Amino acid sequence: MKKSSKNLNYRIGDSVEVHSNEEGYVGSFYEAKVLDVSKNHVLMVEYKTLVTPDESKWLRERVHVSQGRPRPPQLQVSNFNLSDEVDAYDNEGWWVGRITRICESKYYACFDGNSSSCKGSSSSSDDDDDDEINNNPQKRRLIDESKYYVYFSTTQDLIAYPLSRLRLHQEWKNGKWFPYSSGL
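If you're wondering where the values come from, they're calculated on a predicted model, not measured in any experiment.

Quick look at the nonpolar core
In a soluble, globular protein the nonpolar side chains are often hidden away together inside. Membership of the largest hydrophobic core comes to 23 residues, with the highest contact counts inside it found for Leu43, Val45 and Leu166. Secondary structure elements with two or more residues in this core: β1 (15–19), β2 (28–37), β3 (42–51), β6 (85–90), β7 (93–103) and β10 (147–152). Considering every element that reaches this core, the biggest residue donor is β2, with 4 residues. Ignoring anything within four residues of it in the chain, the contact list for leucine 43 reads Tyr10, Val34, Asp36, Val37, Glu61, Arg62, Val63 and Val65.

Some remarks on the layout of surface pockets
Of the pockets and cavities examined, the largest pocket occupies roughly 320 Å³. Considering the residues around the largest pocket, the lining is formed by 17 residues, among which Gln74, Leu75, Trp94, Leu166 and Arg167 are closest to the centre. A per-element tally of the lining of the largest pocket places strand β12 (residues 166–168) first, with 3 residues. Here the residues of the lining of the largest pocket are counted per class, giving 9 nonpolar, 4 polar and 4 charged. Taken as a whole, the second largest pocket spans an internal volume of roughly 270 Å³. As for the second largest pocket, its lining consists of 14 residues, of which Ser20, Glu22, Tyr30, Leu50 and Glu61 are closest to the centre.

The rules we used
Residues numbered from 1 in each chain as written. Predicted model: local features only at pLDDT ≥ 70, side-chain atom pairs only at ≥ 80, totals over all residues. Heavy atoms only, no water. Core = buried A, V, L, I, M, F, W, Y, C linked by side-chain atoms within 4.5 Å. Buried < 20%, exposed > 50% of the residue type's maximum accessible area, 1.4 Å probe, protein only. Helix = DSSP H or I, 4+ residues; strand = E, 2+ residues; numbered from the N terminus. Contact = heavy atoms within 4.5 Å. 1 Å grid on protein atoms, 1.4 Å probe; cavity = no way out; pocket = protein on both sides within 12 Å on 5 of 7 lines; lining within 4 Å. Points joined across faces, edges and corners; volume = space filled by probe spheres on them. Nonpolar A, V, L, I, M, F, W, Y, C, P; charged D, E, K, R; others polar.

Have a look at this one:
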């Protein structure tokens, strides 16, 4: 049974994200589970992706409730636009950044047992084979997708990510989630 708390309504067992103010980690959030809630506004959390220095178990840490937030709802996104504020999953956590460039491309690998039909040649003799490969998803697999270049103002890095490692950035304000807006 979960234990209630007056500290932002965190309860034992809640899934949260914890942000760090340590140098090199500013702007990042790490998934964790609440293990304990104290009366002095401190949470004991166990991270879901960070381990102890000897890598023998999940890292546990006491953090102030102001460093925690509930996990944001998952929003289905099929693509992003330039200047969108996003969270990129990297180094075991979510990092806040902005889309600054989009490289739209898709690369496929063919799995039909016949390497000659996967040449992608534009000659007329290969057109029928190419159509068969392109129209049969069981014979080809997407192995690389569009890259979104994300700029991180806290580290001044620009890194490319596939869509699968990005989510729309949301802000936790007054107990509710809001899509990021520079006007908030």
